[in-house]
Amino acid sequence: VGSKCRTYLLEKSRVVGQDAGERNYHIFYQMLASDMSMREPFGLGNAAYTRDTLRYTKLGASKTDSIEGKSDGERFSLTV
């Protein structure tokens, strides 16, 4: 199963800032919330790498760690 993407629309306003309660690309938060063994292949094996220490995720306005009853870690497990 796979796909190809030829064109991708990236909204500048959503990359540089978010409204209250929003956050950018959920996959980054999900990766950081996953087990260390799942993070290591992506270069995130250092325990010091958290949503509050990495610049990209630290800038998000939302501190929520679950959406629709599933934690970010659970969602990452479903993604991979």
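Trainee: What exactly am I supposed to notice about the packing of aromatic side chains here?
Mentor: What describes a pair of aromatic rings is the distance from one ring centre to the other and the angle between the planes of the rings. Applying the stated rule across the entire model yields one aromatic pair. Their ring planes at 80° and their centres at 6.0 Å tell us that Phe42 and Phe76 sit as a pair that is edge-to-face. Within this pair, whereas Phe42 is found in the loop between helix H3 (36-39) and helix H4 (55-58), its partner Phe76 is found in helix H5 (residues 72-79), the two being separated by 34 residues in sequence. For Phe42, a relative accessible area of 46% puts it in the partly exposed group. Residue Phe76 is classed as buried on the basis of its relative accessible area of 3%.

Trainee: Mind showing me how you'd approach the packing of helix H2 (residues 26-33) against H5 here?
Mentor: Viewed as axis vectors pointing N to C, H2 and H5 meet at an angle of 100°, and their least axial separation amounts to 7 Å. By the angle between their axes, H2 is roughly perpendicular relative to H5. Of H5, the residues touching H2 (which contributes Ile27, Tyr29, Gln30, Met31 and Ala33) are Asp72, Gly73, Arg75, Phe76 and Thr79. Split by residue class, the contact of H2 with H5 holds five nonpolar, three polar and two charged.

Calculation rules
Residues numbered from 1 in each chain as written. Predicted model: local features only at pLDDT ≥ 70, side-chain atom pairs only at ≥ 80, totals over all residues. Heavy atoms only, no water. Phe/Tyr/Trp six-rings, centres within 6.5 Å; stacked < 30°, edge-to-face > 60°. Helix = DSSP H or I, 4+ residues; strand = E, 2+ residues; numbered from the N terminus. Buried < 20%, exposed > 50% of the residue type's maximum accessible area, 1.4 Å probe, protein only. Axes fitted to C-alpha atoms, helices over the stretch in contact; angles between N-to-C directions. Parallel < 35°, antiparallel > 145°, perpendicular 65-115°, else oblique. Contact = heavy atoms within 4.5 Å. Nonpolar A, V, L, I, M, F, W, Y, C, P; charged D, E, K, R; others polar.

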